[in-house]
Amino acid sequence: MVGNTASTQALRAKLLASASRYAGAGMYVHPLLVGSKLPKWTSWEERATLDPEVIERTWGRAPFNIGIACGPSELVVVDLDVPAPGETAPEEFPGVADGWSMLSALAARAGSQIAPTMTVRTPSGGLHLVYQAPDAEVRNTARTIGWLIDTRAAGGYVVGIGSEVDGSSYRLEGSITAPAPLPEWLLTLLLASPEQPKCGRAPRRGEVVARLHELTRQGTREQRWAAGILRSECEELAALRGTEGGRNGRLNLAAYRAGQLVASGLLDQAVAEEQLTEAALEAGLNDKSPFEVEKTLRSGMSAGLSRPRRMLDTTSRRLGGAA
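From a predicted model like this one, the values you see are computed outputs, not experimental measurements.

The rules behind these values
Residues numbered from 1 in each chain as written. Predicted model: local features only at pLDDT ≥ 70, side-chain atom pairs only at ≥ 80, totals over all residues. Heavy atoms only, no water. Helix = DSSP H or I, 4+ residues; strand = E, 2+ residues; numbered from the N terminus. Buried < 20%, exposed > 50% of the residue type's maximum accessible area, 1.4 Å probe, protein only. Contact = heavy atoms within 4.5 Å. Areas by Shrake-Rupley, 256 points an atom, 1.4 Å probe, with all protein chains shown as cover. Axes fitted to C-alpha atoms, helices over the stretch in contact; angles between N-to-C directions. Parallel < 35°, antiparallel > 145°, perpendicular 65-115°, else oblique. Left-handed = near helix turned anticlockwise from the far one by under 90°. Nonpolar A, V, L, I, M, F, W, Y, C, P; charged D, E, K, R; others polar. Pairing = 2+ DSSP bridges. Core = buried A, V, L, I, M, F, W, Y, C linked by side-chain atoms within 4.5 Å.

### Concerning the overall build of the protein
- Tallying secondary structure elements over the protein gives twelve helices and twelve strands in all.
- Counting every position in the protein, which comprises 323 residues, the buried fraction comes to 50%.
- Within the protein, residue pairs in contact and separated by at least 24 positions form 75% of the contacts whose partners lie at least 6 positions apart.
- Accessible surface, the protein as shown: approximately 14,900 Å² in total, 51% of it carbon and sulfur.

### Digging into the packing of helix α1 (residues 6-24) against helix α3 (residues 52-59)
- At a minimum axis distance of 9 Å, the contact between α1 and α3 shows a crossing angle of 160°. Taken together, the axes of α1 and α3 are roughly antiparallel relative to one another. Considering only the axes of α1 and α3, their crossing is right-handed. Touching R12, L15, L16, A19, S20 and A23 of α1 are I55, E56 and W59, all from α3.
- Looking at the contact of α1 with α3, its residues break down into six nonpolar, one polar and two charged.

### Observations regarding the pairing of strand β2 (residues 65-69)
- In terms of burial, β2 is largely enclosed, as five of its five residues are buried.
- Neither face of β2 is exposed, since N65, G67 and A69 on one face and I66 and I68 on the opposite face are all buried.
- In terms of strand pairing, strand β1 (residues 29-32) meets β2 through four bridges, oriented antiparallel. Bridge pairing in β2 links P31 to I66.
- Bridge count for β2 against strand β8 (residues 157-159) is three bridges, and the pairing is antiparallel. Paired with G67 across the two strands is V159, which belongs to β8.

### Overview of helix α5 (residues 99-109)
- Here α5 has its buried residues at G99, S101, M102, L103, L106 and A107.
- Tucked into the core, α5 has its buried residues touching β3 (75-80), β5 (127-132), β7 (149-152) and α6 (184-192).
- G111 sits one or two positions beyond α5 and adopts a positive phi of about 75°.

### Concerning the sheet that holds β8
- With respect to topology, three strands assemble into an open sheet ordered β1-β2-β8, the strand pairing being antiparallel. The two strands at the open ends of the sheet, each matched to only one other strand, are β1 and β8. Adjacent strand axes in the sheet meet at a mean angle of 35° when their direction is disregarded.
- Packing against the sheet, α1 makes contact with β1 and β2, and its axis sits at approximately 10° to β2.
- Contacts between α3 and the sheet are confined to β1 and β2, with β1 contributing the most and set at about 10° to the helix.

### Side note on the nonpolar core
- Y22, V29, I55, W59, I66 and I68 are the most contacted members of the largest nonpolar core, which has 31 residues in total.
- Those elements that provide at least two residues to this core are α1, β1, α3, β2, β3, β4 (118-121) and β8.
- When residues in this core are grouped by element, the largest group, six residues, is from α1.
- Leaving out residues up to four positions away in the same chain, V29 has contacts with A19, Y22, A48, T49, I55, W59, I66, G67 and I68.
- Within the second largest apolar cluster, 27 residues are counted, among which are M102, I114, V138 and L190.

That's the geometry; what it means functionally is another story.
Printed below as a string of structure tokens:
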């Protein structure tokens, strides 16, 4: 249970004020677990709100971190990360050192530059560039447009200003507080969905497992159950590195099972896709065609989304109940 110390009260007030500012600007908010990036609510995208009373009631109870639902808010957020130790940029982009410089290089290649917009500094040292969504449908991506670049759009969320993870806060970078329109060159890049640039190494299996282990320690009992399934699927997929066959089929099956849990509101689709992508890369599925990873992931995920699965369904089948 969250305490009621002076520091907790101050944090709760700060997060309530931040959530209210987001809602006042037309950005739909939902609570994340305290000190976490995981959603507190199932069906968080449908429940994300602008309602001041709901926000007051929710953040008045505890210092929940803030999730910004990109779809209802009509946002596209470009997540620019920093490299892990030993991770190197694609050879075709000399001088690139992180997600920001990677995006800058892609902008220069398109004869443009990064448009100033609302920017949030993350605890890891990365940046979230917040843009207005275009009329065209834009989806979440995980390093498919560039090294250390992810995007969040409909079906995804980002962590809001004031939220704290591992004792560090998400904070506004600069003075711009309104999203600018998504630049045309960046929209073109997103819609084209090019192959993922070759990087110095795929994520190490230990990194993937560590991130997934954290997921299983947060949320309701059913959310932890779902996170445990995702963790097992990713571990089994990552362990296939060095095998000749079956990896693509295993990714398809893992994505299908994750999609079932996403459809039930127990997993965040963007998080599930990111973890499955990293496990697939660690398994060596990018050795021939990085685009094949995304194609297989989308296929399995789409199939799973049509057949929601909950913990009760599993119990019922085990006890001889209806499927």
